[in-house]
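An overview of the molecular structure
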Amino acid sequence: MRQHKDLGKWLVTLTLLVALLTVVLPLGASKVEASPATIYVPDDYSTIQAAVDAASPGDTIIVREGTYIENVDVNKDHLTIQSENGAETTIVQAANSDDHVFEVTADYVNISGFTVKGASGPQNAGIFLHGSDS
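This is a predicted model, so every value here is computed, not measured.

What counts and how
- Residues numbered from 1 in each chain as written.
- Predicted model: local features only at pLDDT ≥ 70, side-chain atom pairs only at ≥ 80, totals over all residues.
- Heavy atoms only, no water.
- Helix = DSSP H or I, 4+ residues; strand = E, 2+ residues; numbered from the N terminus.
- Polar contact = N/O pair within 3.5 Å; in protein donor to acceptor, adjacent residues only side chain to side chain.
- Contact = heavy atoms within 4.5 Å.
- Phe/Tyr/Trp six-rings, centres within 6.5 Å; stacked < 30°, edge-to-face > 60°.
- Buried < 20%, exposed > 50% of the residue type's maximum accessible area, 1.4 Å probe, protein only.
- Core = buried A, V, L, I, M, F, W, Y, C linked by side-chain atoms within 4.5 Å.
- Pairing = 2+ DSSP bridges.
- Axes fitted to C-alpha atoms, helices over the stretch in contact; angles between N-to-C directions.

1. Description of the side chain of Glu70
Tracing the backbone shows Glu70 in the loop between β3 (66–69) and β4 (72–74). In this structure the side chain of Glu70 is engaged in a polar contact, spanning 2.9 Å, whose partner is the backbone nitrogen of Ile48. From its side chain, Glu70 meets the backbone nitrogen of Gln49 in a polar contact 3.0 Å long. If we ignore the near neighbours within four places in the chain, the residues touching Glu70 are Thr47, Ile48, Gln49, Val92, Gln93, Ala94, Ala95 and Val101.

Quick look at the structure:
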């Protein structure tokens, strides 16, 4: 009989402990943030725009050598978009000459190492910063 009482007390204690941990652990848990990723074009995504769309703030997009015919809208903060081997071998040509090649509406975006061309419409730019900071 004594064993049944001890077992019952043990089960009650265990149940209370599990209930307490279920409430207390989420309150003290810290937010886990993902590490910045490095995305390669065209390995991971076929276009720079697709890589920007998939990126998270803090990510780096590395564009391999080649000519990319597209207009890129950058609307995510803290992105780095860079060529792998420099402007001589990595060209971004406007798909639509009446639009900016790169239009940046986010803050803290770094774009480097590209030859940017083909934005020939009035008031269009190779890299246009629109309401962005830093």
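More follows now that the structure is in view.
2. Examining the packing of aromatic side chains
Taken as a whole and judged by the stated rule, the model has one aromatic pair. Centroid distance Phe102 to Phe114: 5.7 Å. Interplanar angle 45°. Geometry classified as tilted. Here the residue Phe102 occupies a position in strand β7 (residues 102–104), and Phe114 occupies one in the loop between β8 (110–112) and β9 (115–117), the gap between them amounting to twelve residues. Residue class for Phe102 comes out buried when judged on its relative accessible area of 0%.

3. Considering the nonpolar core
Membership of the largest hydrophobic core comes to 21 residues, with the highest contact counts inside it found for Ile48, Val52, Ile61, Val63, Val74, Ile81 and Phe102. Every element with two or more residues in this core is listed here: β1 (38–41), α2 (48–54), β2 (60–63), β4 and β7. Here this core takes three residues from α2, the largest share from any one element. Among residues more than four places away in sequence, those in contact with Val74 are Val52, Leu79, Ile81, Phe102, Glu103, Val104, Thr105, Ala106 and Val109.

4. Structural notes on the sheet that holds β4
The strand order across the open sheet formed by three strands is β4-β7-β10, and the pairing between neighbours is parallel. The sheet is open, and its two edges are formed by β4 and β10 (127–129), each paired on a single side. In this sheet, adjacent strand axes meet at a mean angle of 15° when their direction is disregarded. Where β7 and β10 come together, three bridges link them in parallel fashion.

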